[in-house]
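Architecture at a glance
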Amino acid sequence: MRRSEIYLPVPGEDKNLDGDFREKEGNNESMPMKTLYARDGSLLHAQLGPYFSDGQRRVDYVLTYSIQKPSGVRRQSSKFDDSTLFQRLRRSMSTRNSRAPLQPKEDPEIAATDQQANFHEDDKRFKREEFEQNLLDMGLELEKDERTKIPGLGFLKIHAPWTVLCREAEMMKLKMPTTKVYEVKQGTNIVEKIRLFIHKVTDPLHPKVGPTRLEDVKSLSLPFSREKQHLFDLSDRDLFFDSKTRSSIVYEVLKRIRWTRPNYSMGITSLLANGVYTSAFPLHDGDVEGDGEKPNDRQLLFEEWASYSVFYKYQPIGLIRKYFGEKVGLYFAWLGVYTQMLIPAAIVGVIVFLYGCATVDDNIPSMEICDPRNNITMCPLCDQVCSYWKLVTACGTARASHLFDNPATVFFSVFMALWAVLFMEHWKRRQMRLNYIWDLTDYGMEEEDHNRAEYELQVAEKTMRQDQGAPKDEKVKLTCTDRMPAYLTTVVMMGFMISVTFAIAFGVILYRISIKAALHISSYPAARSNIRATVKTTAAIINLIVIIILDEIYAYIARWLTILEVPKTDKSFEERLIFKTFILKFVNAFTPIVYLAFFRGRLVGRPGKYLYVVGTYRMEECAHAGCLMELCIQLCITMLGKQLIQNNLFEIGIPKLKKLLRKRKSELTSKQEEELNKTLKRYEKDHFLGPFVGINPEYMEMIIQFGMVTLFVASFPLAPLFALLNNIIEIRLDAKKFVMELRRPIAAKAKDIGIWYNLLRGLSKVAVIVNAFVIAFTSDFVPRLVYQYMYSPDGSLHGFVNHSLSYFEVKDFEPGTAPIQPHHLGYTVDVCRYKDYREPAGSITPYALSKEFWAILAVRLAFVIIFQNLVMLMSDFVDWLIPDIPKDISLQIHREKLLMLDHFMKEEQGKKLPVRDNYNHDNYTSPSLDNGSPSQPRSRPKFQAKAGW
């Protein structure tokens, strides 16, 4: 086929629909690809699948571009051959230079704008034509379709023939399965029987997308080579390279092909950035609805993965990898392992919570608080408007705090620290098993990472700014000096955004202080009945709303800052973006929680000498049972709110709302729209889907959740349960989004989850320290322990409440801070109590910190050190005990390498035998040859040595 026949535009005038290449009447020349339209332009028959118009060649990739309509006439492209490019260029330039003068009635300004727009459109068309010519030179086959149902948009369909696929697969060193298979042994006979028994028991949980039994054989995979095609199973060439591999091969070609001009080069990424092409994407295999034939991979994924009715089943990780690539497959494999590991954590957390519920009536401190016979008068919670109050009114808060602040929470903190280590080890082993199954054990990152379009544009601008006398051989690149303004902007903006987060958190603190005072002076009894619960809940909701809003803002700011830095490669761009986004979102999510856990109630002062901020705002105090209850409320509302609002509203509600608005704007009825959708071609349907923006947002959401589950789990044992319920929905929600709502992504290879593993490991280490401080300083576990073994007369907790309260004489109030209504309780108060360990007023050092305070502080610090080192030691022991690579996988990898070595040795021996036979035959017949013939046998040993090497 000549080059002019490979590039097959589809004009809209003379298209007949016979399904084969039928000749036009009165014309003896056969015109290929005229199978879309009739003479009148009406659609008679269309290939709606992912194929060219002939229905044979598969569309491996699609580029879209805008179609300019100057003067109401569409510019159509004819066939592309070697001579038309420069002819079109010259004709278009001459046309532009010899435009007719403007009509008197035409506005000159509008005409100049139109002329400039036409100039830019012509420039884009010239770039497209040269780029497409380069694609043709590489052997790709192209077909244009500008008569689509999407006005102003043209489609360039790209097909990679067999020769191109083989050439590029060899260049990319793609490992493909050979005809040689070997037996896969999973372990000893006992292990094998246990494995088969577990697989048989869990068979209803496995998706029905492949073989129902475990495969005992595996194909030996080797890097593809055109010289060794006989080693591979090429019985069906159409299925040898699947659609995922074909699209990734074409994408590599598109990135490598350049549109060039002096000192400037552009690939497909640059062309997309400059608007030469508007989008680029591979096609889905078909629709998700069945048509009676063999279901395609997309339909299988929809039925066995993206449906909520199969939430209890395992994910078809192999099919996900086959359809979306290794990078997406690894994400969902990791999410599945994480969700499975949450099951035991959720069960233990529920048991800890139920233990707190069962022992709440036996908890001595809460019983003493709730006992009305203990006539304990507490000091006011705020200045002037707040009066004295009875400790018995905090009975409900004390009983609720015991649900989360009991001895079982210490055990649960240790358990969750070990759980995090087991989860990381389990994932490493699972990841290694997937690497073996997916033939990624030898995969490395040594392949070339292409420069980003923005980087090339900046380099081109820098090149044009340089003096003409600069050395031409010197390679131009962006240096640290060039990026210094961007780096300074990043540092300043990151600091400013973190300061904004702290300022908003401080604003919520002021809200709590002021609203508490306002409720105390309220005339409504309902408002004054439960002030603490009202303030806690409303403040937590405000924090949640702020976190969700700032999350969206910070995501855009992080991307904007990363774009300013102009990273060279996509990998560098991704790592910088992840780092900035993680820092901003982590600070945003955990600032209110850290304040409640470690700062609230510790920067208060004492009655008569309180700490004030912003004038007369007195810092908050914790309830008598501690701040753990408020911390639990904040964690609960934040986790549930982020999961419900961000998942349901942002990921489900907003797309449905957009779809509803689009339907309302459309003039078609639902039935007409359904009929129109049936006539759309595959690439037209995929164009309406959302662009794939990567899986980093999905990872980020789960990493923040992992922090919620591990960092403050001592204060909220139900966190793993909420995370488990969310992830069960999240898996199917993401699956539905990937299968139905997004364009198919480029299949990207990946051996691991990258930087996310380091973040998970860092969070699991920090979680040990955080939980140690939460137990020691936020809860009353250590003070109760110290009282029971050092100060209790009978070794019990009787008298702990009275021991934890200090005395204050009301005459020592500073002027203007005493209660306005001192007789609110019906009697005169001379001494009130407050939670702290201080000396009484009549001591040598009145209101100074007592020796009990220092004793408890010493025990708290000792507990942190012992807890941290003990849990770290146990974690490291578990890490050492469990190997990163399963033993059976290690043996199989070693066996596979031996098989590959044996295979290559046999291959080389097979090459040597014909050479040796030819050598002996030449020696035998050499006497009958002339004197010049012996030169050939002397050259054969050289070839033999080279082959042996």
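Conventions adopted
- Residues numbered from 1 in each chain as written.
- Predicted model: local features only at pLDDT ≥ 70, side-chain atom pairs only at ≥ 80, totals over all residues.
- Heavy atoms only, no water.
- Helix = DSSP H or I, 4+ residues; strand = E, 2+ residues; numbered from the N terminus.
- Buried < 20%, exposed > 50% of the residue type's maximum accessible area, 1.4 Å probe, protein only.
- Contact = heavy atoms within 4.5 Å.
- Areas by Shrake-Rupley, 256 points an atom, 1.4 Å probe, with all protein chains shown as cover.
- Disulfide = S-S within 2.5 Å.
- Phe/Tyr/Trp six-rings, centres within 6.5 Å; stacked < 30°, edge-to-face > 60°.
- Lys NZ or Arg CZ within 6 Å of the ring centre and 35° of its normal.
- Pairing = 2+ DSSP bridges.
- Axes fitted to C-alpha atoms, helices over the stretch in contact; angles between N-to-C directions.
- Parallel < 35°, antiparallel > 145°, perpendicular 65-115°, else oblique.
- Left-handed = near helix turned anticlockwise from the far one by under 90°.
- Nonpolar A, V, L, I, M, F, W, Y, C, P; charged D, E, K, R; others polar.
- Salt bridge = Lys/Arg side-chain N within 4 Å of Asp/Glu carboxyl O.
- Arc of directions from axis to C-beta.
- Polar contact = N/O pair within 3.5 Å; in protein donor to acceptor, adjacent residues only side chain to side chain.
- Core = buried A, V, L, I, M, F, W, Y, C linked by side-chain atoms within 4.5 Å.
- pLDDT = per-residue confidence, 0-100.

Let us look at the overall build of the protein chain. In terms of helices and strands, the protein chain carries 30 helices and 17 strands. The proportion of buried residues among the 949 residues of the protein chain is 48%. Sequence separation of at least 24 residues holds for 78% of the intrachain contacts in the protein chain that already meet a minimum separation of 6. Summing over all exposed atoms, the protein chain offers an accessible surface of approximately 48500 Å²; the carbon and sulfur share of this is 59%.

Along the chain, Lys737 falls in helix 24 (residues 719–741). Apart from the residues lying within four places of it in its own chain, the contact partners of Lys737 are Glu651, Glu698 and Leu742.

In the structure shown here, the tally under the stated rule is 3 disulfides. The disulfide bridge from Cys370 ends at Cys395, spanning 1.9 Å between sulfur atoms. One quick way to see it: the torsion about the S-S bond of Cys370 and Cys395 is about 95°, and its sign makes the bridge right-handed. You can see Cys370 sitting in helix 12 (residues 364–370) and its partner Cys395 sitting in helix 13 (residues 395–402), a full 25 residues away along the chain. Between the sulfur of Cys382 and that of Cys386 lies a disulfide, 1.5 Å long from S to S. For the disulfide bridge between Cys382 and Cys386, the dihedral angle about the S-S bond is near 85°, and by the sign convention the bridge is right-handed. Here Cys386 falls in the buried class, since its relative accessible area comes to 1%. Cys636 carries a free sulfur, and the closest cysteine sulfur to it, the one in Cys632, is 6.2 Å from it.

Inspection of every chain in the model, using the stated rule, returns 47 aromatic pairs. Summarising the aromatic geometry, the rings of Tyr338 and Phe423 are spaced 5.5 Å apart at their centres and angled 50° between planes, so their arrangement reads as tilted. Of this pair, Tyr338 sits in helix 11 (residues 326–358) while Phe423 sits in helix 14 (residues 407–437), placing them 85 residues apart in sequence. For the pair Tyr338 and Phe423, one class covers both residues: buried. Taking the ring centre of Tyr610 as reference, the NZ or CZ of Arg618 above it sits at 3.5 Å.

With respect to the helices, strands and loops of the structure, Leu550 is situated in helix 18 (residues 531–565). Counting along the chain gives 53 residues from Leu550 to Met497, while the straight-line C-alpha distance between them is 9.4 Å. Dropping the residues within four chain positions of it, Leu550 is found in contact with Thr501, Ile504 and Asn588.

Of all 6 residues in strand 2 (residues 61–66), 5 are buried; the element is thus mostly enclosed. Two elements, strand 2 and strand 9 (residues 279–281), share 3 bridges in a ladder whose sense is antiparallel. Pairing of Leu63 across the sheet is with Ala280, part of strand 9.

On to the packing of helix 16 (residues 480–520) against helix 19 (residues 570–599). Two elements in contact, helix 16 and helix 19, have axes separated by 10 Å at closest approach and are oriented at 20°. With respect to helix 19, the axis of helix 16 lies roughly parallel. The way helix 16 lies across helix 19 gives a crossing that is right-handed. Here helix 16 contributes Tyr487, Thr490, Met494, Met497, Ile498, Thr501, Phe502, Ala505, Ile509 and Arg512 to the contact with helix 19, which in turn contributes Arg576, Lys580, Ile583, Leu584, Val587, Asn588, Thr591, Tyr595 and Leu596. Taken together, the residues that form the contact of helix 16 with helix 19 break down as 12 nonpolar, 4 polar and 3 charged.

According to the stated counting rule, one finds 45 salt bridges in the structure shown. For the salt bridge of Asp297 with Lys322, the shortest nitrogen-to-oxygen distance reads 3.3 Å. Placement of Asp297 in helix 9 (residues 297–304) and of Lys322 in helix 10 (residues 317–324) is noted, with a sequence separation of 25 residues between them. Take Asp297: its relative accessible area is 16%, and that puts it in the buried class. With relative accessibility at 36%, the residue Lys322 sits in the partly exposed group. Each of Glu425, Lys428, Arg761, Asp879 and Asp884 takes part in one network of salt bridges that share partners.

Let us now look at helix 10. Within helix 10, the full set of buried residues consists of Ile317, Leu319, Ile320, Tyr323 and Phe324. For helix 10, the angular spread of buried residues about the axis comes to 160°, placing them on one side. Looking at the packing, one finds that the buried side of helix 10 touches helix 7 (243–256), helix 9, helix 11, helix 14 and helix 24. Immediately downstream of helix 10, the backbone of Gly325 shows phi near 105°, a positive value.

A few words on the side chain of Asp60. Within the secondary structure layout, Asp60 lies in the loop between strand 1 (8–10) and strand 2. Judged by its relative accessible area of 3%, Asp60 is buried. At 2.8 Å, the side chain of Asp60 and the backbone nitrogen of Ala160 are in polar contact. Of note is the side chain of Asp60, whose polar atom sits 2.7 Å from the side chain of Arg246. For Asp60, the residues in contact, after removing those within four places along its chain, are Ile158, His159, Ala160, Arg246, Ser247, Val250 and Pro282.

This part takes up the nonpolar core. The biggest cluster of nonpolar side chains holds 113 residues, and the ones touching the most others in it are Trp334, Tyr338, Phe712 and Phe716. The element contributing the most residues to this core is helix 11, with 16 residues. Core analysis: the second largest hydrophobic core is formed by 45 residues, Ala160, Val276, Ile893 and Leu899 among them.

Right, let's get into the confidence of the model for the protein chain. Averaged over every residue, the pLDDT of the protein chain is 78; the share at 70 or more is 78%. Helix 30 (residues 935–948) is the least confidently modelled element of the protein chain, averaging 36 in pLDDT, while helix 11 averages 93, the highest of any element. Below pLDDT 50 for its whole length, residues 1–46 participates in 98 contacts with residues either more than four positions away or in separate chains.

Two elements in contact, helix 11 and helix 23 (residues 696–711), have axes separated by 12 Å at closest approach and are oriented at 20°. By the criterion of interaxial angle, the relationship of helix 11 to helix 23 is roughly parallel. The hand of the helix 11/helix 23 crossing is left-handed. Contacts from Leu330, Tyr331, Trp334, Leu335, Tyr338 and Leu342 in helix 11 reach Glu698, Tyr699, Met702, Gln705, Phe706 and Val709 in helix 23. The class makeup of the residues in the contact of helix 11 with helix 23 is 10 nonpolar, 1 polar and 1 charged.

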